[in-house]
Amino acid sequence: STTEPDILVTSADDQMINIYDTRNSQLTSNLQGHNGFVFSVDLHEDNVRIGSASADKTVKVWDRRAKECNYTSKAHDDLVWGACFFDKGSKLASISDDKRISVIDCATTV
């Protein structure tokens, strides 16, 4: 929407998720809660929810505005390398070194 900033979400080995406003290249906030490298982040099409995958074997769904984690999945037994919203944002898939894909139904769980 025109009232929302243009958002860029990044992650790194510092266990944080950084959120930037691309119009002025400013860091606007960060999210903390993983206990390992954050390997992957995906910004939902609503520009509010963020999915993240981490070395701590968890997948999290965050609320960017509230700056809090709304849901943590512990479905994996090893490093989680990627997380991506799909099916019009109603689901969040993750892939892990445990050789499994996990799917979170965001409509019912988050």
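Calculation rules
Residues numbered from 1 in each chain as written. Predicted model: local features only at pLDDT ≥ 70, side-chain atom pairs only at ≥ 80, totals over all residues. Heavy atoms only, no water. Helix = DSSP H or I, 4+ residues; strand = E, 2+ residues; numbered from the N terminus. Buried < 20%, exposed > 50% of the residue type's maximum accessible area, 1.4 Å probe, protein only. Core = buried A, V, L, I, M, F, W, Y, C linked by side-chain atoms within 4.5 Å. Contact = heavy atoms within 4.5 Å. Polar contact = N/O pair within 3.5 Å; in protein donor to acceptor, adjacent residues only side chain to side chain. Pairing = 2+ DSSP bridges. Axes fitted to C-alpha atoms, helices over the stretch in contact; angles between N-to-C directions. Patch = residues over 30% accessible without salt bridge, like charges linked within 9 Å, V, L, I, M, F, W, Y side chains within 5 Å. Areas by Shrake-Rupley, 256 points an atom, 1.4 Å probe, with all protein chains shown as cover. Salt bridge = Lys/Arg side-chain N within 4 Å of Asp/Glu carboxyl O.

A. Representation of unusual backbone geometry within the structure. Even without being glycine, Lys 88 reaches a positive phi, approximately 60°. By the secondary structure assignment, Lys 88 is in the loop between β8 (80-86) and β9 (91-96). Judged by relative accessible area, which is 74%, Lys 88 ranks as exposed. Phi is positive for Lys 99, close to 65°, though the residue is something other than glycine. Relative to the helices and strands, Lys 99 resides in the loop between β9 and β10 (101-105).

B. Structural context of the nonpolar core. Core analysis: the largest hydrophobic core is formed by 9 residues, namely Ala 53, Val 59, Val 61, Val 80, Ala 83, Phe 85, Leu 92, Ile 104 and Cys 106. Looking at this core, the elements with two or more residues in it are β6 (59-63) and β8. Ranked by residue count, the leading element in this core is β8, at 3 residues. Contacts of Ala 53, omitting those with residues within four sequence positions, involve Phe 37, Val 38, Phe 39, Ser 40, Thr 58, Val 80, Trp 81, Gly 82 and Ala 83. Membership of the second largest hydrophobic core comes to 8 residues, among which are Ile 19, Leu 31, Val 38 and Ile 50.

C. Quick peek at the environment of Asp 77. Mapped onto the secondary structure, Asp 77 falls in the loop between β7 (68-73) and β8. Residue classification places Asp 77 among the exposed residues on the basis of a relative accessible area of 57%. Measuring from C-alpha to C-alpha, the distance between Asp 77 and Lys 99 comes to 9.3 Å, with 22 residues separating the pair along the chain. Contacts of Asp 77, omitting those with residues within four sequence positions, involve Lys 57, Asp 98 and Arg 100. Of the polar contacts made by the side chain of Asp 77, one reaches the side chain of Arg 100; its length is 3.5 Å.

D. Region of interest: the sheet that holds strand β1 (residues 7-11). With antiparallel pairing, the 3 strands of this open sheet are ordered in space as β1-β2-β3. Edge positions in the sheet fall to β1 and β3 (26-32), since each has one partner strand and no second. Going across the sheet, the axis of each strand differs from the next one's by a mean of 25°, ignoring polarity. Bridging between β1 and strand β2 (residues 16-21) involves 5 bridges; their strand directions are antiparallel. Each residue of the ladder has a partner; that of Val 9, found in β2, is Ile 19.

E. Summary view of a nonpolar patch on the surface. A surface patch of nonpolar side chains, amounting to about 480 Å² of accessible area, comprises Trp 81, Phe 86, Ile 95, Ile 101 and Val 103. For the nonpolar patch, the secondary-structure elements that each account for two or more residues are β8 and β10. Assignment of secondary structure puts Ile 95 in strand β9.

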